[in-house]
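# Geometric and topological summary
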Amino acid sequence: MVKTVLLHVICGVLAVLSVSLVNADDPYRYYTWTVTYGTLYPLGVPQQVILINGQFPGPRLDVVTNDNIVLNLINKLDQPFLLTWNGIKQRKNSWQDGVLGTNCPIPPNSNYTYNFQPKDQIGTFTYFPSTLLHKAAGGYGGLNVYERPSIPIPFPNPDGDFTLLIGDWYKTSHKTLQQSLDSGKSLPFPDGVLINGQGHTTFSGDQGKTYMFRISNVGLSTSINFRIQGHTLKLVEVEGSHTLQGIYDSLDVHVGQSIAVLVTLNQAPKDYYIVASTRFTKNVLTASAVLHYSNSQSAVSGPLPAGPTDQFHWSMEQARTFRWNLTASAARPNPQGSFHYGKITTTKTIVLANSAPLINGKQRYAVNGISYINADTPLKLADYFNIPGVFSMSSIQGLPGGPASIATSVMPANLHDFIEVVFQNNEKTIQSWHLDGYDFWVVGYGSGQWTSAKRSTYNLVDALTRHTAQVYPNSWTTIFVSLDNQGMWNVRSANWERQYLGQQFYLRVWTSVHSLANEYNIPTNALLCGRAVGRHP
Ligand SMILES: *[C@@H]1O[C@H](CO)[C@@H](O)[C@H](O)[C@H]1NC(C)=O
Ligand SMILES: *[C@@H]1O[C@H](CO)[C@@H](O)[C@H](O)[C@H]1NC(C)=O
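Residues numbered from 1 in each chain as written. Chains lettered and ligands numbered in written order. Predicted model: local features only at pLDDT ≥ 70, side-chain atom pairs only at ≥ 80, totals over all residues. Heavy atoms only, no water.

### A look at the packing of aromatic side chains
The geometry of two aromatic rings is summed up by the distance between their centres and the angle between their planes. This is how the line gets drawn: For Phe, Tyr and Trp, rings pair up if their centres lie within 6.5 Å, where Trp contributes its six-membered ring, and each pair is then called stacked (planes under 30 degrees apart), edge-to-face (over 60) or tilted (otherwise). The classification of residues rests on relative accessible area computed with a 1.4 Å probe and restricted to protein chains. Under 20% of the type maximum is buried, over 50% is exposed, and intermediate values are partly exposed.
All told, the structure shown has 33 aromatic pairs when counted by the stated rule. Ring geometry for Y112 and Y114: centres 5.1 Å apart, planes at 75°, overall edge-to-face. Of the two residues, Y112 and Y114, neither departs from the other in class, the shared state being buried. Ring pairing ties together the aromatic residues W324, F339, Y341, F418, W441, Y458, W476 and F480, which thus form one cluster.

Laid out in structure tokens, this is it:
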């Protein structure tokens, strides 16, 4: 684009204008969201929840690829607050990622206007609070990015579109849960599972028609299995990838993940159970909702459809069947498989092992022995203003080992590298890993210790890209990442206790070439805090 090329030669004075100029063709959508506490009865007892514009879950963001979202978030809580946009890649724009390594939290009775674009993305995403244990009180919602009319999706447009936010839930307030973690104790087992914030939701459709169900696991720690009585699920999309459209009786969705399925109402006209139940837990928690045929002649009946009884093996086998449809279009008018990720030589291998050490007598979680703590200043701002002493780029290594310790850990990486990351889980619990700023190819799952010999088992042809990958107990998962997005990016456990107690770090994707083609300038409204107070964006 001529416009873009021209901008590169214009000096920094105009830099702030560049974001709006480059995207001038794409529509703007304006939102004002106010975050408050409220009292609701999600599991039948009154409790404090976090509302956005009075709603729990928060308002659904329905946008189109490349829309410019201008969202003024007003914090009326008694604690600092941020939302993060789970799976939105924030191209060149980690300034808007909404995590404490990139943004100052919005103080109580204050606001911040996010300005971002779901660039070249289509699919099912979510947003949620990244601060403290706010996620345990709600504040989350669906974020659906629809295709532009000029680019067909690889399935007929469904007759309707339902967003299901499913997650484990506690009757205990987020502050009490946080105190428990601060004192060095783990969270107890959850009290229940919610579907869209409730125990009883009804989704209605017409017999013979086909509906999309967008399912996201917005819980704190528990994998779920999703199924619908008497109906099969056709998987069509996973976190922005169009999949081979396999037919499933039920699907596992791990914390932080999203999938979209098509369901045809091809059964007798009655009501059917929609079920979500916890996976890999000693006690199984179950939530149900209702699929109502508009011509239904009877209420839901019969036992709830049973979930898988096999534990990890079944789930890993299922995960391997999630594959890219290479001929399907993506958000841009080219087939998904046109970038041959399997033919690119990786420049580096990083092995990340999770652990649960006691440090100073308290429960912590760590990556390669390092348990992350937030700094007093967002790392991104420290980097930009050259404030020394906020983080260390040598505190975390790319291989497991070493004694457990606490640090504000940042791993350096080169822009345009193509890396292999192995998540090695030597613990007995399932892990869920998320990377901000990217989606990545999940090329392999296996049990035991990863060795370079496991590379022969990788799917180098049609692995799908996603933003959150599960790692089974005493197993490994390998991803390939094309580091094409400069910024300071959070790598974290999507299990919120683990994230809160240190199982995270930041990946600083960097080049010495300073160019707006690689990264946007700091937003003029950036909040400043800690050692960045008084600096000028
Ligand atoms: C707070 O909201 C006002 C409009 O009410 C807006 O002008 C201002 O830029 C917002 N502050 C930030 C930091 O985005
Ligand atoms: C792959 O996508 C194409 C559309 O490009 C579609 O016609 C085909 O049915 C899809 N294949 C599978 C197996 O899902």
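Read on for the rest.
### Focus: helix α3 (residues 174-182)
Definition in use: Only DSSP runs of H or I with at least four residues qualify as helices, and only runs of E with at least two residues qualify as strands; both kinds are numbered from the N terminus onward. An arc is given here, and it is the one of the directions from the helix axis to the C-beta atoms.
Within the sequence span of α3, burial applies to H174, L177, Q178, S180 and L181. Relative to the axis of α3, the buried residues are bounded by an arc of 155° and lie together on one face. Just downstream of α3, G184 is the residue with a positive phi angle, here 100°.

### Considerations on the sheet that holds strand β4 (residues 68-75)
We apply this condition: Here, any two strands with at least 2 DSSP bridges between them count as paired. Axis lines are fitted to C-alpha atoms, over the contacting stretch for helices. Their N-to-C directions set the angle, which ranges from 0 to 180 degrees.
Within the open sheet, the four strands sit side by side as β2-β1-β4-β6. Their pairing is mixed. The sheet is open, and its two edges are formed by β2 (47-52) and β6 (110-116), each paired on a single side. Ignoring which end each strand starts from, the neighbouring axes of this sheet average 20° apart. Pairing of strand β1 (residues 28-40) with β2, which is carried by six bridges, proceeds in the antiparallel orientation. Each residue of the ladder has a partner; that of V35, found in β2, is I52.

### A few points about unusual backbone geometry
For the peptide bond that leads from F56 to P57, omega is -10°, which places it in the cis range. Summarising the element assignment, P57 is placed in the loop between β2 and β3 (61-64). A positive phi angle, near 50°, is found at Q90, a position not held by glycine. Taking relative accessible area as the criterion, Q90 reaches 1% and is therefore assigned buried. With a phi close to 60°, F280 is a non-glycine residue in the positive phi region. By the element assignment, F280 lies in the loop between β19 (271-278) and β20 (286-293).

### Things to note about the sheet that holds strand β27 (residues 410-414)
Here we have five strands laid out as an open sheet, ordered β27-β35-β34-β29-β32, and mixed in their pairing. Edge positions in the sheet fall to β27 and β32 (468-471), since each has one partner strand and no second. Neighbour-to-neighbour, the strand axes of the sheet open up by a mean angle of 20°, direction not taken into account. Bridge count for strand β34 (residues 487-493) against strand β35 (residues 504-510) is six bridges, and the pairing is antiparallel. Looking across to β35, one finds that M488 is bridged to R508.

### Concerning the layout of surface pockets
We count it as follows: The method works on a 1 Å grid over the protein atoms by themselves. A cavity is a set of points holding a 1.4 Å probe that cannot get out, a pocket is an open set with protein on both sides within 12 Å along at least five of seven lines, and residues with an atom within 4 Å of a point line them. Grid points are joined across faces, edges and corners, and a volume is the space filled by probe spheres set on the points. Here the nonpolar group is Ala, Val, Leu, Ile, Met, Phe, Trp, Tyr, Cys and Pro; Asp, Glu, Lys and Arg are the charged ones; every other residue, Gly included, is treated as polar. For the purposes of this description, domain bounds are those given by an automatic or database domain assignment.
Empty space within the second largest pocket amounts to approximately 650 Å³. A class-by-class count of the residues in the lining of the second largest pocket yields nine nonpolar, eight polar and six charged. Residue assignment places the lining of the second largest pocket across two domains, with domain 2 (160-307) and domain 3 (336-520) each supplying three or more.

### Some points on the site of ligand 1
Going by this rule: One heavy atom suffices: a residue is near a molecule or strand as soon as one of its heavy atoms comes within 4 Å of it. For the purposes of these results, a polar contact is taken to be a pair of N or O atoms within 3.5 Å, where, inside protein, one atom must be able to donate a hydrogen and its partner to accept one; residues adjacent in sequence count only when each atom of the pair is a side-chain atom. Areas reported as accessible are Shrake-Rupley estimates using a 1.4 Å probe. Residue values count occlusion only from the protein chains shown.
Every residue near ligand 1 is listed here: N72, N111, Y112, T113, N525 and L527. Taking N525, its side chain carries an N or O atom lying 2.9 Å from an oxygen atom of ligand 1. If ligand 1 stood free it would expose 360 Å²; the protein chains cover 48% of that surface. Of all the elements, β6 adds the most residues to the shell around ligand 1, at three residues. Taken together, the residues that form the shell around ligand 1 break down as two nonpolar, four polar and no charged.

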